[in-house]
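Residue-level structure breakdown
Here is what each chain is made of, one letter per residue.
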Amino acid sequence: MSNIPADRRYAESHEWAKLEADGTVTVGISDHAQQALGDVVFVELPEIGKVFAQGDAAGVVESVKAASDIYSPVGGEVIAVNEEISESPELLNEEPYESWIFKLKPSNKADLDKLLDAAGYAAAIGD
């Protein structure tokens, strides 16, 4: 059974989105995604200032098994990227809910309502 924190929303493409107190949204990949990928060896981060629509490809996670696009779970402007995971991509395997990939200033917070809650995501992945 995957670890699925209830304080986030989840895309069916396995990204999580956490609404922060300042109104920004932090994005990462789920425990289920990192387990499916296997050992992560490279992360391509989006550029700061880039604007994505909900569902746009925003980066890439590569593992020893496969490369997988990271999709923006909400639309908005990238305001920060986690350089630490560029240096140590294995952190996505070790701490998928602490190791965020990028942060957005959302263009429409209602995008979060279109994502799954923890129970919905658990059902979607068969947990």
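Residues numbered from 1 in each chain as written. Predicted model: local features only at pLDDT ≥ 70, side-chain atom pairs only at ≥ 80, totals over all residues. Heavy atoms only, no water.

1. Thoughts on the overall build of the protein
Summing up its helical and strand segments, the protein has four helices and nine strands in all. Walking the protein from its N terminus toward its C terminus, one meets helices and strands in the order β-β-β-α-β-β-β-β-β-α-α-β-α. Since a compact globule built from 127 residues should have a radius of gyration of about 14 Å, the 13 Å found for the protein is in line with a globular shape. Judged by the C-alpha coordinates and their principal axes, the protein covers about 35 × 30 × 25 Å. Burial analysis of the protein (127 residues in total) assigns 47% to the buried set. (Helix = DSSP H or I, 4+ residues; strand = E, 2+ residues; numbered from the N terminus. Rg over C-alpha atoms; globule rule 2.2 N^0.38 Å. Buried < 20%, exposed > 50% of the residue type's maximum accessible area, 1.4 Å probe, protein only.)

2. Overview of the sheet that holds strand E5 (residues 51–52)
With respect to topology, six strands assemble into an open sheet ordered E1-E2-E3-E9-E8-E5, the strand pairing being antiparallel. Since the sheet does not close on itself, it has two edges, and those belong to strand E1 (9–10) and E5, each with one partner. Of the pairings in the sheet, the one linking strand E2 (residues 15–19) to strand E3 (residues 25–29) comprises five bridges and is antiparallel in character. Each residue of the ladder has a partner; that of Ala-17, found in E3, is Val-27. (Pairing = 2+ DSSP bridges.)

3. Remarks on the UniProt feature "modified residue: N6-lipoyllysine" (unreviewed entry) in the protein
Residues annotated in UniProt with the feature "modified residue: N6-lipoyllysine" (unreviewed entry) correspond here to Lys-65. Position of Lys-65 among the secondary structure elements: in the loop between strand E6 (57–63) and strand E7 (67–71). Aside from chain neighbours lying at most four places away, what touches Lys-65 is Gln-35, Ala-36, Leu-37 and Gly-38. A distance of 3.2 Å separates a polar atom in the side chain of Lys-65 from the backbone oxygen of Ala-36. (UniProt positions renumbered as here; feature names shortened; annotations may be inferred. Contact = heavy atoms within 4.5 Å. Polar contact = N/O pair within 3.5 Å; in protein donor to acceptor, adjacent residues only side chain to side chain.)

4. Some details on the sheet that holds strand E4 (residues 40–44)
Strand order in the open sheet formed by three strands is E4-E6-E7, and the pairing between neighbours is antiparallel. The open sheet has two free edges, formed respectively by E4 and E7, since each of these has just one partner strand. Averaged over neighbouring strand pairs, the angle between their axes works out to 25 degrees when direction is ignored. Summarising the sheet, E4 and E6 pair through four bridges and their orientation is antiparallel. The partner of Glu-44 across the bridge, within E6, is Val-60. (Axes fitted to C-alpha atoms, helices over the stretch in contact; angles between N-to-C directions.)

5. Looking at the nonpolar core
Core analysis: the largest hydrophobic core is formed by 25 residues, its most contacted members being Val-43, Ile-85, Leu-92, Ile-101 and Phe-102. Contributing elements (two or more residues each) for this core: E3, helix H1 (31–37), E4, E6, strand E8 (76–81), helix H3 (91–94) and strand E9 (102–106). With three residues, the single largest contributor to this core is E3. Once residues lying within four places of it in the same chain are set aside, the contact partners of Ile-85 are Val-43, Leu-45, Leu-91, Leu-92, Ser-99, Trp-100 and Ile-101. Of all hydrophobic cores here, the second largest spans eight residues; its members include Tyr-10, Trp-16, Tyr-97 and Ile-125. (Core = buried A, V, L, I, M, F, W, Y, C linked by side-chain atoms within 4.5 Å.)

6. What about the side chain of Asp-31?
Mapped onto the elements of the fold, Asp-31 is located in helix H1. A distance of 3.2 Å separates a polar side-chain atom of Asp-31 from the backbone nitrogen of Asn-3.

7. Some words on the pattern of salt bridges
Opposite charge on two side chains permits pairing when their charged atoms draw close. Scanning the model with the defined rule gives three salt bridges in all. For the salt bridge of Asp-7 with Arg-8, the shortest nitrogen-to-oxygen distance reads 2.8 Å. Residue Lys-18 is joined to Asp-7 by a salt bridge in which the shortest nitrogen-to-oxygen separation is 3.6 Å. Linking Lys-18 in strand E2 with Asp-7 in the segment before E1, this pair joins segments that are eleven residues apart in sequence. (Salt bridge = Lys/Arg side-chain N within 4 Å of Asp/Glu carboxyl O.)

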